[in-house]
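# Breakdown of the fold
In case you want the letters, here they are:
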Amino acid sequence: MTRRSVLIGTGSALPARVVTNAELADKMDTSDEWIVERTGIRQRYVAGEGESTSTLATGAAKAALAAAGVEGSQIDLIVLATATPDQTFPAVATIVQNNIGAQGCIAFDVAAVCSGFVYAVGVADSMLRTGMAQRALVIGAEVFSRILDWEDRTTCVLFGDGAGAIVLEARESDDANAPGILATRLHADGEHNQLLFVDGGAGTTGTVGKLRMKGREVFRHAVNKLAGVLGEVLDDAGYRNEDIDWLVPHQANARILEATAKKLSMAPEKVVVTVDQHANTSAASVPLALDVAMRDGRIKKGDLVMIEAMGGGFTWGASLLRI
Ligand code: UT7
């Protein structure tokens, strides 16, 4: 018998306010045409008063619990990926825990920026398979709008706010085709941390800081690193590119998604794209896209789904799961 982490529900939450490219073009030297052509982004959601990483994460968590038919009290592990916690501490995971009535369970945050959700999935899967937990809530939630330099057009047009969540349950099966997470690979390379970083922090400036990015260089690394890690995960799980039913990538730039699909010889129709609607929501982007494609019926029971992400650190990773 093999113990696997099975996806039993997804959920997401977005701020109330939509900001279009045209609205940004009214305020700064940019255009809808430039943003769409270079990134594929048409709009993003931006958190307003009363909205934060924890409120969005709680909304996504409740939706995922409802989809799974599970009560908060039945969750014994919460792993939450974010780079924009409500406060430096406590972990946002503990705020969500309190909001959903899961008191007493394991709850902590993971900091791997845009790859945070894939890292969180890897951590939760390991803990479920070793028996430390039975049912996990894995969340990616961000309000990047609060760490953007709204004077810097090279970064502020790229990001948005939101949250996505999944419920994983440990199940035993003899069947090689049973649902569950099949393989995960995670990587980091601190050599490049000056290409994408925040210029402040609790332990240095005592301020939150603003996001800084050398976009063109990040782009180049992203395509190569993602192609590499996807190949590793497929090898580990014993599958080939053509076996993947759906690629659910981190949504940073439509051109990165196209280049990654091309490297995998995957048809563009098999790639779930939400960057046009959500922009780059960092750790929230993969679970948000997953929830969209589960709810609109594209991803079905039995499908083989690859999730992947790359971001600040650099960090990158991918995970293959049977739905
Ligand atoms: O989630 C973490 C991972 N992050 C990523 O994966 C992001 C990766 N990078 C990218 O997505 C792209 O590099 C960007 C979308 C950030 C930029 O696209 P690019 O095609 O690499 O453009 P660029 O940075 O080379 O800039 C081209 C031109 C520049 O003007 P000059 O120097 O050619 O005259 C920029 O100043 O576009 C200009 N530009 C803009 N123009 C209008 C930069 N930002 C804007 C803007 N509106 N918002």
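Residues numbered from 1 in each chain as written. Predicted model: local features only at pLDDT ≥ 70, side-chain atom pairs only at ≥ 80, totals over all residues. Heavy atoms only, no water.

### What about the sheet that holds strand S6 (residues 135-143)?
Rule in force here: Here, a strand pair is defined by DSSP locating no fewer than two bridges between the strands. Numbered from the N terminus, helices here are DSSP runs of H or I no shorter than four residues, and strands are runs of E no shorter than two. For helices, the fitted axis covers only the stretch in contact; all axes are lines through C-alpha atoms, and the angles between them, taken along N-to-C directions, range from 0 to 180 degrees. Should any heavy atoms of two residues lie within 4.5 Å, those residues are considered in contact.
With mixed pairing, the five strands of this open sheet are ordered in space as S1-S7-S6-S4-S5. If you trace the sheet from one side to the other, it starts and ends with strand S1 (2-13) and strand S5 (106-110), each paired once. For this sheet the average axis-to-axis angle between neighbouring strands, irrespective of direction, equals 20 degrees. Alignment of S1 against strand S7 (residues 161-173), held across 11 bridges, turns out to be antiparallel. Across the sheet, residue Gly 11 finds its bridge partner in S7, namely Ala 165. Helix H10 (residues 285-295) contacts S1, S6 and S7 of the sheet and is inclined by roughly 90 degrees relative to S1.

### Here's the deal with the domain arrangement of the chain
Note the following rule: For the domains described, the bounds stem from an automatic or database domain assignment. Throughout, the accessible surface (probe 1.4 Å) given up by two parts as they are put together, summed over both, is called the buried area. We define a salt bridge as a side-chain nitrogen of Lys or Arg found within 4 Å of a carboxyl oxygen belonging to Asp or Glu. Two N or O atoms form a polar contact when they lie within 3.5 Å of each other; inside protein one atom must be a possible hydrogen donor and the other a possible acceptor, and for residues adjacent in sequence the pair counts only when both atoms belong to side chains. We call Asp, Glu, Lys and Arg charged. Ala, Val, Leu, Ile, Met, Phe, Trp, Tyr, Cys and Pro are nonpolar, and the rest, Gly among them, are polar.
For the chain, the assigned domains are domain 1 (2-173) and domain 2 (180-322). The centre of domain 1, based on its C-alpha atoms, is set 14 Å off from the matching centre of domain 2. At the boundary of domain 1 with domain 2, total buried surface from both sides reaches about 3,900 Å², with 64% on carbon and sulfur atoms. Counting across the domain 1 and domain 2 interface gives one salt bridge. Across the salt bridge formed by Asp 149 and Arg 212, the nearest N and O atoms sit 2.9 Å from each other. Taken together, the links from domain 1 to domain 2 amount to 21 residue pairs in polar contact (both at pLDDT 80 or more). Contributing elements (two or more residues each) for the side of domain 1 that touches domain 2: S1, helix H2 (32-39), strand S3 (43-46), helix H3 (53-68), helix H5 (116-129), S6 and S7. Class assignment for the residues of the side of domain 1 that touches domain 2 results in 25 nonpolar, 16 polar and 11 charged.

### Digging into the side chain of Arg 4
Going by this rule: Think of it in three bands: with a 1.4 Å probe and only protein chains considered, a residue is buried below 20% of the maximum accessible area for its type, exposed above 50%, and partly exposed in between. Think of it this way: Lys and Arg go in the positive column, Asp and Glu in the negative one, and His and the chain ends go nowhere.
Mapped onto the fold, Arg 4 is located in strand S1. Buried within the structure, Arg 4 lacks any salt-bridge partner; its nearest side chain of opposite charge belongs to Asp 175, at an N-O separation of 6.8 Å. For Arg 4, the side chain forms a polar contact with the main-chain oxygen of Ala 176, separated by 3.3 Å. At a separation of 2.6 Å, a polar atom in the side chain of Arg 4 contacts the main-chain carbonyl oxygen of Ala 178. Not counting chain neighbours up to four residues away, the residues in contact with Arg 4 comprise Arg 129, Glu 169, Ala 170, Arg 171, Asp 175, Ala 176, Asn 177, Ala 178, Pro 179, Gly 180, Ile 181 and Leu 182.

### A word on the packing of helix H7 (residues 215-237) against helix H8 (residues 254-263)
Heads up, the rule is: By convention the crossing between two helices is left-handed if the near helix lies anticlockwise of the far one by an angle smaller than a right angle, and right-handed if it lies clockwise.
Running from N to C, H7 and H8 cross one another at 35 degrees; their axes reach a closest spacing of 10 Å. Viewed along their axes, H7 and H8 form a crossing whose handedness is right-handed. From H7, Phe 219, Ala 222, Val 223, Asn 224, Leu 226, Ala 227 and Leu 230 reach across to H8, where they touch Arg 255, Ile 256, Ala 259, Thr 260 and Lys 263. Within the contact of H7 with H8, the residues separate by chemical class into eight nonpolar, two polar and two charged.

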